[in-house]
Amino acid sequence: MVALAGSGLSERSHAAAVAQPLNFKDFPASAEYPAKPASLRIASHPKASMFRTHLSRALKDGPRFAGNYAVATWGCGTNCQAHAIVDASTGDAYFPKEIASTAPDQPCDRDLLEFQPNSRLIGVTRIKSQTATGTTYYEWTALKLVRVGERSRSMDEFCAAK
C-alpha cells in the first residue's frame, strides 16, 4: 500500500482520487479495548432495537475496527448487506450513511468493507459496472466517518487484490 504524500489528505479537508489504496497504518487507532465488550445500549440509536441481534453478535465477536469498535453486517434483501458500527466500550451503536449498505454482487469472493482493528480507516467498495469498482475511504473520527480519498479500479484488479 502506498501513502499519499503531497496529496493534501493530511489536512483531511478534501477527498482526493488516489491510484493506490490508502495505508491503514497512516490512520492509527488506540489499541485500548475492553477485555469484555459492553452490552448493546439500545437507547443509543433509534435503529438499535430493530437490529439488536446483529449488533449484539458483533459486540460478542469483539472489536475489529478502530481500536474498540465492532462492525456489524447483515443481509437486507437480495444482493444487499447493511452495516453498523458498535463501540465495544460503551455499547453505543452508530449507523453512518456512508456504510449503510453495500451490494455484494461481484464475480469474486471479496469483502466490500475493508478495515483493520488498529486503524481508523475504512474502505467501502461499490460495484460501478460489470467491469469497474470504486472504493471510497473514510476516517472514523469524532464518532463519524469523514471521506479522505477515492479510488477507481477494474473488477479484475479489485478481485486480484486480497
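Residues numbered from 1 in each chain as written. Predicted model: local features only at pLDDT ≥ 70, side-chain atom pairs only at ≥ 80, totals over all residues. Heavy atoms only, no water.

Considered as a void within the structure, the largest pocket measures approximately 240 Å³ in volume. In terms of lining residues, the largest pocket is bounded by 13 residues, among which Thr73, Asp111, Leu112, Leu113 and Phe115 are the most central. When contributions to the lining of the largest pocket are tallied by element, the ones reaching two or more residues are strand S3 (81-87) and strand S6 (113-115). For the lining of the largest pocket, the leading source of residues is S6, giving three residues. Split into classes, the residues belonging to the lining of the largest pocket amount to four nonpolar, four polar and five charged. (1 Å grid on protein atoms, 1.4 Å probe; cavity = no way out; pocket = protein on both sides within 12 Å on 5 of 7 lines; lining within 4 Å. Points joined across faces, edges and corners; volume = space filled by probe spheres on them. Helix = DSSP H or I, 4+ residues; strand = E, 2+ residues; numbered from the N terminus. Nonpolar A, V, L, I, M, F, W, Y, C, P; charged D, E, K, R; others polar.)

Attention shifts here to the packing of aromatic side chains. Following the criterion strictly, the structure yields seven aromatic pairs and no others. An aromatic cluster of at least three residues, connected via ring pairs, comprises Phe65, Tyr69, Tyr94, Phe115 and Trp140. Geometry around phenylalanine 158 places arginine 110 over its ring, the cationic atom sitting 4.5 Å from the centre. (Phe/Tyr/Trp six-rings, centres within 6.5 Å; stacked < 30°, edge-to-face > 60°. Lys NZ or Arg CZ within 6 Å of the ring centre and 35° of its normal.)

Turning to the state of the cysteines, a few remarks are in order. If you walk through the whole model with that rule in mind, you get two disulfides. Each disulfide pairs two cysteine sulfurs, and for cysteine 76 the partner residue is cysteine 80, the sulfurs being separated by 1.8 Å. One disulfide, between cysteine 76 and cysteine 80, carries an S-S torsion of -75° and so falls in the left-handed class. Linked covalently through their sulfurs, cysteine 108 and cysteine 159 form a disulfide whose S-S length is 2.2 Å. Disulfide cysteine 108-cysteine 159: the torsion about the S-S bond is -75°, which places it as left-handed. Of the two residues, cysteine 108 is situated in the loop between strand S5 (101-102) and S6 and cysteine 159 in helix H2 (residues 155-160); the sequence distance between them amounts to 51 residues. (Disulfide = S-S within 2.5 Å.)

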